[in-house]
Amino acid sequence: MADYNPQEIEAKWQKRWAEARVFETEADSTKPKYYVLEMLPYPSGTMHMGHMRNYAIGDVVARVKRMRGFNVLHPMGWDAFGLPAENAAIKNNTHPRVWTNNNIAEFQKTLRRFGFSYDWRREISTCEPEYYRWNQWFFLRMLEKGLAYRKKSRVNWCPKCCTVLANEQVINGGYCWRHEDTLVESRELEQWFLKTTAYADQLVDDLKELEGSWPERVITMQRNWIGRSQGAKLKFAVADVKGAPPIEIFTTRIDTIYGATAIILAPTHPLVAKLLEGSPNRAEAEPQLAQMRQTSVKTADLATAEKVGVFTGRHATNPFSGEKIPIWVGNFVLMEYGTGAIMAVPAHDERDFEFCRKYDLPIRVVIQPRTGEPLVEETMTVAFSEDENGVLVKSAEFNGLSPEEAIAKMTAYAEKKGFGKGEIVFRLRDWGISRQRYWGTPIPVVYCPDHGLQPVPDKDLPVPLPPNPKLTGEGESPLASTPEFVNTTCPKCGGPAKRETDTMDTFVDSSWYFYRYCDPHNDKAPFDPAKVAYWFPIDQYIGGITHAILHLLYSRFWCKVMRDLGLVKHNEPISRLFTQGMIQKGGVTMSKSRGNVVGAIDMAEKYGADTGRLYTLFAAPPEKDLEWSEESIEGSWRFLNRVFRLIDKHGPAIRETKNWNFDSKGMTDKERDLIRVTYQTMQRVTQDFETRWHFNSAIAQIMELTNDIYLAEPLENGVRPEIRKEVLQILTLLLAPMTPHIAEEMWEMLGNTDGLWNAPWPILANKQLELAKDNEVEIPVQVNGRVRATLRVPADISEADIVPKALAIPAVARHLDGKRIVKQIYVPNRLLNLVVQ
Ligand SMILES: [Zn+2]
Ligand SMILES: [Zn+2]
């Protein structure tokens, strides 16, 4: 008798796997490929159990696929650049590289301790020059294609990060994604951008390829973020000034045009002066206008600033209705945006609502909600701006349309009549990648006094980070204050020049890292396209919903750029996406800052990795949040002990037995029952793994099977050795993807010498399928198609035998009273239907 000793067993099998190079993969055209990947971690602090779920799920998938004959690529690496490393280095007076590499060592130790089946030869770390040189290489390709450009722009600046943030990194209406208590400021800076908008259409259209295999929620979030809408430019003629050109406005809600009750111009609109000439309102308006031009509203304050306006005394003609509406000037309309003029539709736009209420302009509802109370102009307190649940009213021939239909029809109408033009607009902006910090990829361009901006030639890549920067977290970029980095020569003339000192947003690193795993040590190119063609697209990607926009959108953009560079052939990098739930403790997500973490290594030392893995898979379905419970871990631990004892007890007697193809003739009832429940469990677990990812229910089934085996104890009474072995061996195989170490050990205890890693996933042959069948089935009995009763009968009972049994049921007989059976339909093991007249 041996006790279950996970520490010993886990070390033993991890060593064997490494020696046998079980998880090392190469392209192999004789096998179907399967690329499964968990999002690469940012190595900071120590790994806790909140991190482990993602990896446990990925590892089950990788191991099941290997057992099912796939050539599986399952790599791991580190998202190693980024601000926390720099900040920690400043705080602890060390180098970001030292801090980062210490964390990587810690993370790697933890993942190895849990026995995840990674091909460690493919490990990458994005802060190494052999990786980031390819960020620089891609940047230069984008520069050549006009997809990377520099412009002066208003940027989001986090005063705590001391750097610029992408729009995607400004959250909760104006706060830093990393500092949720810090309001982002607006600054004017010269910045590098990647032209994500060049692919805006494809980024929306190709979402169709992902429907059904990406979570609906993620697709919706991406679609909304890109925000493609049909806009229109429309001309409103000026009604009461001879010779005035028409006012052009831009709108994305042409469907509301019958509700327009004013035109509002920017204070600097060129037409304002002409409109005021000879206007009865001139004397009153001019001083107010002068005031408005002085205190122009900044973009950042648009939503909150007090709205101020003045009437010009003139009117414009609504091109749809012919109605004359007043022309105003308003401080919240900017010349830099659109055409510098808008139509005010107060009933359906919050900003217009506020303005029109203040100046007593009429409010007219032209979209009514399809359900609920109709809107009443006099009592409205907010605009109704939803467009999904509405229907057009007071809009002449367009009444009854949905806003979406109306936008298409009315745009076409405006084009036909010659007073408007459709224009597709996007919410998506280009990706600002400049960061004024040290720990990132240097942007590979130099500035020559004579030749201006010059790209660094490919042969001079990588542009490495200077090894010993002065890091203060204040003032200008650390690279700018490192003369040996800044001062260089111009690639064109050889004269003195200065390097760009911005580094790249770290989301650049993670936008293409999964391609590098296919060819991680290539020093001639980012990867060999043939290797990528074999492995891509990724069959299964697993990570948190928090990456629904940033990382996944940038990755999709990068893929399309690479496709247009001829490096890859696919449109989308990721076939299937799974977003796992979080691990919580005390009702909140486990995180170091909340102080509610359970250390992963502590967990492995106390119970073993297999118990930790089993628990995270068993405690909840993988897409749901999981509340940590010490009691349930004890339960998982006890279960593994129970299985181990079973194998330990029976192993010696059946080691030498051959179980495969055992003779099923003359089986006892006890044998038949045991085999049936084993095979049925196997079928259900296979389904749970393959189609539904119900790992928790798979484990519950395996626990039940274990109970059934215990109930049949002593097995040696009435169960032949080959059947005992069959049952215990299948139990072991079913556990292998989730608790691989104990499964290997038990496999060996059952007399197998060649390692469970070589064993295929058990699939039933025809003969065994028979044995998996229930000996009794429940059959619904219908009369004229309506179920009146169910009948428990032996499986495969004949029609002649089942009909009399059905007729004997009172609930059935009652419906036959005085009628005649004209037809009986019997589907064996499924249903019986009696048609009566
Ligand atoms: Zn910040
Ligand atoms: Zn030069």
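Below, the structure is looked at part by part. (Residues numbered from 1 in each chain as written. Chains lettered and ligands numbered in written order. Predicted model: local features only at pLDDT ≥ 70, side-chain atom pairs only at ≥ 80, totals over all residues. Heavy atoms only, no water.)

Reference geometry at the metal: tetrahedral coordination by four donors gives ideal angles of 109.5 degrees; octahedral coordination by six donors gives 90 or 180 degrees. Note on the zinc ion (ligand 1): its protein donors are Cys158 (SG), Cys161 (SG), Cys176 (SG) and His179 (ND1). The metal-donor distances range over 2.0 to 2.3 Å. Seen from the zinc ion (ligand 1), its 4 donor atoms lie at angles of 106 to 113 degrees, and the figure they make is tetrahedral. For the zinc ion (ligand 1), the donor residues sit on a single chain with the sequence spacing C-x2-C-x14-C-x2-H. Pair noted here: Cys161 is in the loop between strand S5 (148-158) and strand S6 (163-165) and Cys176 is in strand S8 (residues 175-176), with a separation of 15 residues, a long-range link. (Donors = N, O, S within 2.8 Å, 3.2 Å for Na, K, Ca; no water. Tetrahedral: all angles 85-135°; square planar, octahedral: opposite > 155°, others 65-115°. Helix = DSSP H or I, 4+ residues; strand = E, 2+ residues; numbered from the N terminus.)

With antiparallel pairing, the 4 strands of this open sheet are ordered in space as S6-S5-S9-S19. Two strands close off the open sheet at either side, each with one partner strand: S6 and strand S19 (431-432). Sheet topology note: the S5/strand S9 (residues 185-194) ladder contains 10 bridges and is antiparallel. By the bridge assignment, Trp157 is partnered in S9 with Glu185. (Pairing = 2+ DSSP bridges.)

A surface patch of like charges, here negative, comprises Glu386, Asp387, Glu388, Glu404 and Glu405. Secondary-structure assignment places Asp387 in the loop between strand S16 (367-369) and strand S17 (390-392). For Asp387, a relative accessible area of 33% puts it in the partly exposed group. (Patch = residues over 30% accessible without salt bridge, like charges linked within 9 Å, V, L, I, M, F, W, Y side chains within 5 Å. Areas by Shrake-Rupley, 256 points an atom, 1.4 Å probe, with all protein chains shown as cover. Salt bridge = Lys/Arg side-chain N within 4 Å of Asp/Glu carboxyl O. Lys, Arg positive; Asp, Glu negative; His and termini not counted. Charge placed at Lys NZ, Arg CZ, Asp CG, Glu CD. Buried < 20%, exposed > 50% of the residue type's maximum accessible area, 1.4 Å probe, protein only.)

All right, on to the packing of aromatic side chains then. All chains considered together, the criterion is met by 54 aromatic pairs. Ring centres of Phe355 and Tyr359 lie 5.0 Å apart, and the angle between their planes is 50 degrees; this geometry places the pair in the tilted category. Among the residues examined, Phe355 registers a relative accessible area of 0% and is labelled buried. One aromatic cluster is present, formed by Tyr131, Trp134, Trp137, Phe138, Trp177, Tyr199, Trp431, Phe507, Trp512, Tyr554, Phe557 and Trp558 through successive ring pairs. Taking the ring centre of Phe70 as reference, the NZ or CZ of Lys65 above it sits at 4.7 Å. One cation-aromatic arrangement involves Lys195 over Tyr149; the distance from NZ or CZ to the ring centre is 5.9 Å. (Phe/Tyr/Trp six-rings, centres within 6.5 Å; stacked < 30°, edge-to-face > 60°. Lys NZ or Arg CZ within 6 Å of the ring centre and 35° of its normal.)

Let's shift gears to the nonpolar core. Core analysis: the biggest nonpolar cluster contains 182 residues, and Phe139 and Phe514 have the highest contact counts within it. Sort the elements by how many residues they give to this core and helix H2 (residues 49-67) lands first, with 10 residues. If you look at the next biggest cluster of nonpolar residues, it comprises 47 residues, including Val241, Ala285, Ile325 and Ile367. (Core = buried A, V, L, I, M, F, W, Y, C linked by side-chain atoms within 4.5 Å.)

This part is about the coordination of the zinc ion (ligand 2). Summarising the metal site, the zinc ion (ligand 2) is bound by the protein donors Cys448 (SG), His451 (ND1), Cys490 (SG) and Cys493 (SG), whose distances to it range over 2.0 to 2.4 Å. Around the zinc ion (ligand 2) sit 4 donor atoms, and with donor-metal-donor angles ranging over 102 to 123 degrees the site reads as tetrahedral. Coordination of the zinc ion (ligand 2) draws on donor residues from a single chain, spaced C-x2-H-x38-C-x2-C in sequence. Remark: Cys493 occurs in the loop between strand S23 (487-489) and strand S24 (496-499) and Cys448 occurs in strand S21 (residues 445-448); sequence separation between them is 45 residues. Judged by relative accessible area, Cys493 falls into the partly exposed class, the value being 40%.

The next subject is the sheet that holds strand S22 (residues 452-455). What the 4 strands build is an open sheet, ordered S22-S21-S24-S23; its pairing is antiparallel. Pairing within the sheet leaves two strands with one partner each, and these edge strands are S22 and S23. In this sheet, adjacent strand axes meet at a mean angle of 45 degrees when their direction is disregarded. Judged from the 3 bridges that link them, S23 and S24 form a sheet pairing that is antiparallel. What sits directly across from Thr489, in S24, is Pro496. (Axes fitted to C-alpha atoms, helices over the stretch in contact; angles between N-to-C directions.)

Turning next to the packing of H2 against helix H18 (residues 609-618). The geometry of H2 relative to H18 is characterised by a closest axis approach of 9 Å and an angle of 90 degrees between their N-to-C directions. Viewed along their axes, H2 and H18 adopt a mutual orientation that is roughly perpendicular. Within the contact between the two elements, H2 uses Met49, Arg53, Ala56, Ile57, Asp59, Val60 and Arg63 and H18 uses Gly612, Arg613, Thr616 and Leu617. The residue inventory of the contact of H2 with H18, partitioned by class, reads 5 nonpolar, 2 polar and 4 charged. (Parallel < 35°, antiparallel > 145°, perpendicular 65-115°, else oblique. Contact = heavy atoms within 4.5 Å. Nonpolar A, V, L, I, M, F, W, Y, C, P; charged D, E, K, R; others polar.)

This part is about the pattern of salt bridges. One pass over the structure, following the stated rule, counts 50 salt bridges. Here Glu26 and Arg122 are joined by a salt bridge, their closest N and O atoms 3.7 Å apart. With Glu26 in the loop between helix H1 (6-20) and strand S1 (33-38) and Arg122 in the loop between helix H4 (96-113) and strand S4 (124-125), this pair connects stretches of sequence that are 96 residues apart. Assessed through its relative accessible area of 4%, Arg122 is described here as buried. Measuring nitrogen to oxygen at the nearest pair gives 3.1 Å for the salt bridge that ties Lys394 to Glu377. Within this pair, whereas Lys394 is found in the loop between S17 and helix H12 (403-417), its partner Glu377 is found in the loop between S16 and S17, the two being separated by 17 residues in sequence. When its relative accessible area of 16% is taken as the criterion, Glu377 is described as buried. When salt bridges that share partners are traced, they join Arg21, Glu24, Glu26, Asp119, Arg121 and Arg122 into one network.

Counting buried positions along helix H14 (residues 509-516) yields 8 of 8 residues, so the element is predominantly enclosed. Residues of H14 that are buried include every one of Asp509, Ser510, Ser511, Trp512, Tyr513, Phe514, Tyr515 and Arg516, and no others.

To continue, consider the side chain of Asp539. Relative to the helices and strands, Asp539 is located in the loop between helix H15 (529-535) and strand S26 (540-543). Only 2.7 Å separates the side chain of Asp539 from the backbone nitrogen of Tyr35, close enough to count as a polar contact. Not counting residues within four places of it along the chain, the set of residues in contact with Asp539 comprises Lys33, Tyr34, Tyr35, Ser575 and Arg576. (Polar contact = N/O pair within 3.5 Å; in protein donor to acceptor, adjacent residues only side chain to side chain.)

Before going further, it helps to spend a moment on the environment of Ile363. Topologically, Ile363 is positioned in the loop between helix H11 (350-358) and S16. The class for Ile363 is buried, based on a relative accessible area of 14%. Taking the C-alpha atoms as reference points, Ile363 and Asp352, separated by 11 residues in sequence, lie 9.6 Å from one another. Excluding anything up to four places from it in sequence, Ile363 contacts Pro346, Ala347, Phe353, Arg357, Glu377 and Met380.

In short, shape yes, function no, at least from these values alone.
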